[in-house]
Amino acid sequence: MTTPRRESAELAALHAERDRLDTVTAVLSDIVNAACDTAQRKGYRDCAAEDAKRDHWQAVHKPVLAEFLAAGDAYREARWGSESVTESRAAIERAYANDPDMRALIVKARTDLAARHQSAEPVERDRRRSR
């Protein structure tokens, strides 16, 4: 009788992870867009703070995006089965065919996410869900 609850907790954890990463991606986009707008309004003079924000975005946006893509795939796979992610994974591969760094980040994110969720005990997954 506990299997459906475990599946529910796992799906909820995967969904929460995807939503968290979606929020992080949105915040990063807002930061870089505001920095660009501000730099433009300043006539691109005295923009050290804006440059620092763009540098931060440049350093973190690809790993966060890779984690978001991996979390979305993991959620869809857990919810609807492996056939449901075949097309999205192929589209991701095509989109980043010329970016080996991004492809490596996506593979790492998928591996890390799978390892975290497989190693988590059901009680730990339930605790993560309640945070």
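One can find the structure itself at the top, above this paragraph.
Residues numbered from 1 in each chain as written. Predicted model: local features only at pLDDT ≥ 70, side-chain atom pairs only at ≥ 80, totals over all residues. Heavy atoms only, no water.

### What to know about the overall build of the protein chain
- In terms of helices and strands, the protein chain carries 5 helices and 0 strands.
- Counted from the first residue to the last, the protein chain has its helices and strands arranged as α-α-α-α-α.
- A total of 131 residues make up the protein chain; the buried ones form 27% of that total.
- When contacts within the protein chain are restricted to residue pairs at least 6 apart in sequence, long-range pairs at least 24 apart make up 63% of them.
- Carbon and sulfur atoms form 52% of the exposed surface of the protein chain, whose accessible area is close to 8700 Å². (Helix = DSSP H or I, 4+ residues; strand = E, 2+ residues; numbered from the N terminus. Buried < 20%, exposed > 50% of the residue type's maximum accessible area, 1.4 Å probe, protein only. Contact = heavy atoms within 4.5 Å. Areas by Shrake-Rupley, 256 points an atom, 1.4 Å probe, with all protein chains shown as cover.)

### With respect to the environment of Arg110
- Here Arg110 lies in helix α4 (residues 100-119).
- Measuring from C-alpha to C-alpha, the distance between Arg110 and Leu69 comes to 8.5 Å, with 41 residues separating the pair along the chain.
- For Arg110, the contacting residues outside a window of four places in its chain are Ala70, Asp73, Arg89, Ile92 and Glu93.

### Topic: the nonpolar core
- By size, the foremost hydrophobic cluster in this structure holds 9 residues: Leu11, Leu14, Leu21, Leu28, Val64, Ala71, Ala74, Tyr75 and Leu113.
- Of all the secondary structure elements, the ones that give two or more residues to this core are α1 (3-41) and α2 (48-80).
- Ranked by size, the runner-up nonpolar core spans 8 residues in total, among them Ala66, Ile92, Tyr96 and Met102. (Core = buried A, V, L, I, M, F, W, Y, C linked by side-chain atoms within 4.5 Å.)

### Observations concerning the packing of helix α3 (residues 83-95) against α4
- It is at 10 Å that the axes of α3 and α4 come closest, and there the two elements cross at 150 degrees. Contacts between α3 and α4 involve Arg89, Ile92 and Glu93 from the former and Arg103, Ile106 and Arg110 from the latter.
- Of the residues contributing to the contact of α3 with α4, the split by class is 2 nonpolar, no polar and 4 charged. (Axes fitted to C-alpha atoms, helices over the stretch in contact; angles between N-to-C directions. Nonpolar A, V, L, I, M, F, W, Y, C, P; charged D, E, K, R; others polar.)

### Some points on α4
- End to end, α4 covers 28 Å across 20 residues, agreeing with the expected 28 Å (1.5 Å per residue, within 8%).
- Listed as buried for α4 are Met102, Ile106, Ala109, Arg110, Leu113 and His117. Each buried residue of α4 lies within a common arc of 100 degrees when the element is viewed along its axis, so the set occupies one face. Away from its buried face, by an angle of more than 90 degrees, α4 presents the exposed residues Pro100, Asp101, Gln118 and Ser119. (Expected span 1.5 Å × (residues − 1). Arc of directions from axis to C-beta.)

Interpretation in functional terms is not warranted from these geometric data alone.
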